[in-house]
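Given next are the chains, with one letter for each unit.
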Amino acid sequence: MATSTAIKNHPFVWVGTDRKGNKTSGEMQGANPAIVKAQLRKQGIVPRTVKKKPKPLFGAHKKRIKPMDIAVFTRQLATMTKAGVPLIQSFDIVGEGLENPSMGALLGSIKNDVSSGNSMASAIAKHPRYFDDLFCSLIDAGEQSGSLETMLDRVASYKEKVEALKAKIKKAMTYPIAVVVVAIVVTSILLIFVVPEFAKTFQNFGSDLPAFTQMVVGLSEWLQANWWIALGACAATFYAVKEAKLRYKRVADGIDRAVLKIPVIGDIIFKAIIARFSRTLSTTFAAGVPLVDALNSVAGATGNVVFEDAVVRIRDEVTTGTQLNAAIRGTALFPTMLIQMVAIGEESGALDDMLDKVANHYESEVDNAVDNLTSLLEPMIMAVLGTLVGGLMVAMYLPIFSLGNAIGG
């Protein structure tokens, strides 16, 4: 019985000259150098060197797929289908322009599933890491109603606005953290490298140092001897909190509640949650998803356990026949503007439009709040760093001032 062995292609890098005699180079897949040379000659290229492409020193680095990559892909696919390009061909066109190999592999897998006769909703549902239940249900609704291109456009707009909102929140959270990190680094440098030089000078004074100076010198000596313990403790604390949040729901819930109480930052996060709630509910409701099912999707999209529990209570009340605005008011969590707009939307039959207006309003509020926070923190950075550096310098010069007073006296 005959057996067939699959020929495995490898990437090769080549250097040669084209028909005009100009030097050119590139990469090509082939089983061996001879086959690659033959393929190059067919293209009118005279190969000079053909070598197997070397592997990276530390292995291939797999680029991560980010949520914004999914948003861009959805927008491109929506544009293609809206222009009348068949879905499979749209996948090919979008795939050719991708720079992220991981995204290309994901797109290829979805395309193969769709080519095999599966729906797009079932194809993307196989990748829950990148496409959540809300995304899948909206695509499924578009396929069922025969308006996939419209639904893709709606989903693309939703993903773009949600990711833009996340970026603003990340900006608001990053700035205070950066201030703390800079303050710690500057203080550590002063304690490890500058204070010891002063301490050597103080040894020749022959008198007791002021209490503040003794405390700073003691802290400097401890940090010089145990800096690795301090660094390890910070890293271990960060890792422990991160793991505890992932593994234990009680810890994650506690962090969600605490974040809302942080001055300034908590208000920004609250507005972002309201914007996300309104945007998600508007998108699902406009797509024809029943209100109860839409609220199920909204609960997970809020991103905070306090509001997630509140949306679940709203869903339960709506199921029993309570109006949406009354159910929202009963939680005592949502702003009056949202409640009034929902009531108007229910009365006029334009709930999705009213919610969209609320989402736009609160997204604008978040944008303004982040800009104000940035302006507020700039002088605070100077104040914090000035206090730390100034305090250390005062501690170092106190003995000199004391010595000068003693000599003058």
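Before reading on, note that the structure itself is shown above.
Residues numbered from 1 in each chain as written. Predicted model: local features only at pLDDT ≥ 70, side-chain atom pairs only at ≥ 80, totals over all residues. Heavy atoms only, no water.

Caption draft 1: Main features of helix α13 (residues 324-331). Buried within α13 we find Leu 324, Asn 325, Ala 327, Ile 328 and Thr 331. One face of α13 carries all of its buried residues, which in axial projection span an arc of 160 degrees. Following α13 by one or two positions, Ala 332 adopts a phi angle in the positive range, close to 60 degrees. (Buried < 20%, exposed > 50% of the residue type's maximum accessible area, 1.4 Å probe, protein only. Helix = DSSP H or I, 4+ residues; strand = E, 2+ residues; numbered from the N terminus. Arc of directions from axis to C-beta.)

Caption draft 2: The environment of Lys 42, seen in detail. Residue position: Lys 42 is located in helix α1 (residues 33-42). For Lys 42, a relative accessible area of 74% translates into the label exposed. Expressed as a C-alpha distance, the spacing of Lys 42 and Glu 243, which sit 201 residues apart in the sequence, is 57 Å.

Caption draft 3: Broad picture of the packing of aromatic side chains. Summed over all chains, the structure comprises 7 aromatic pairs. When the ring of Phe 73 is compared with that of Phe 131, the centres are 6.4 Å apart and the planes differ by 70 degrees; the resulting orientation is edge-to-face. Remark: Phe 131 occurs in the loop between α5 (120-125) and α6 (133-145) and Phe 73 occurs in helix α2 (residues 67-82); sequence separation between them is 58 residues. The exposure class assigned to Phe 73 is buried, which follows from its relative accessible area of 2%. A relative accessible area of 1% places Phe 131 in the buried class. Each residue in the set Phe 73, Phe 91, Phe 131 and Phe 135 is aromatic and connected to the rest through ring pairs, giving one cluster. (Phe/Tyr/Trp six-rings, centres within 6.5 Å; stacked < 30°, edge-to-face > 60°.)

Caption draft 4: Representation of the packing of helix α7 (residues 148-202) against helix α8 (residues 211-247) in the model. Axis separation between α7 and α8 bottoms out at 9 Å; the angle between their running directions is 120 degrees. In this view, α7 runs oblique relative to α8, as classed from their interaxial angle. Viewed along their axes, α7 and α8 form a crossing whose handedness is left-handed. Packed against α7, whose contacting residues are Ser 188, Leu 191, Ile 192, Val 195, Pro 196, Ala 199 and Phe 202, the element α8 presents Thr 213, Val 216, Val 217, Leu 219, Ser 220, Leu 223 and Gln 224 at the interface. Across the contact of α7 with α8, the residue classes tally to 10 nonpolar, 4 polar and no charged. (Axes fitted to C-alpha atoms, helices over the stretch in contact; angles between N-to-C directions. Parallel < 35°, antiparallel > 145°, perpendicular 65-115°, else oblique. Left-handed = near helix turned anticlockwise from the far one by under 90°. Contact = heavy atoms within 4.5 Å. Nonpolar A, V, L, I, M, F, W, Y, C, P; charged D, E, K, R; others polar.)

Caption draft 5: Quick look at the pattern of salt bridges. In the structure shown here, the tally under the stated rule is 11 salt bridges. The partner of Glu 243 in a salt bridge is Arg 247, with the nearest N and O atoms 3.1 Å apart. Of this pair, Glu 243 and Arg 247 both sit in helix α8, 4 residues apart, roughly one helical turn. On the accessibility criterion, Arg 247 (60% relative accessible area) is exposed. (Salt bridge = Lys/Arg side-chain N within 4 Å of Asp/Glu carboxyl O.)

Caption draft 6: Examining the nonpolar core more closely. Residues Met 120, Phe 131, Ile 139, Leu 324 and Phe 334 are the most contacted members of the largest nonpolar core, which totals 74 residues. Broken down by element, the residue count for this core peaks at 10 residues, all from helix α15 (residues 351-408). Dropping the residues within four chain positions of it, Phe 334 is found in contact with Ile 274, Phe 277, Phe 307, Ala 310, Val 311, Ile 314, Ile 328 and Ile 339. Judged by nonpolar contacts, the second largest core, of 12 residues, contains Ala 199, Val 216, Leu 392 and Ala 395. (Core = buried A, V, L, I, M, F, W, Y, C linked by side-chain atoms within 4.5 Å.)

Caption draft 7: Highlighting a nonpolar patch on the surface. On the surface, Leu 219, Trp 222, Trp 227, Trp 228, Ile 229 and Leu 231 cluster together to form a nonpolar patch covering roughly 670 Å² of accessible area. Topologically, Ile 229 is positioned in helix α8. (Patch = residues over 30% accessible without salt bridge, like charges linked within 9 Å, V, L, I, M, F, W, Y side chains within 5 Å. Areas by Shrake-Rupley, 256 points an atom, 1.4 Å probe, with all protein chains shown as cover.)

Caption draft 8: Quick look at helix α11 (residues 291-301). Taken as a whole, α11 has its buried residues at Ala 294, Leu 295, Ser 297, Val 298, Ala 299 and Ala 301. Lining the buried residues of α11 we find α6, α7, α10 (265-286), α12 (305-319) and α13. Residue Gly 303 follows α11 closely and has a positive phi angle near 80 degrees.

Caption draft 9: Spotlight on the side chain of His 127. Tracing the backbone shows His 127 in the loop between α5 and α6. Given the relative accessible area of 17%, His 127 is considered buried. Only 3.4 Å separates the side chain of His 127 from the side chain of Ser 109, close enough to count as a polar contact. (Polar contact = N/O pair within 3.5 Å; in protein donor to acceptor, adjacent residues only side chain to side chain.)

The values are spatial; any link to function lies outside them.
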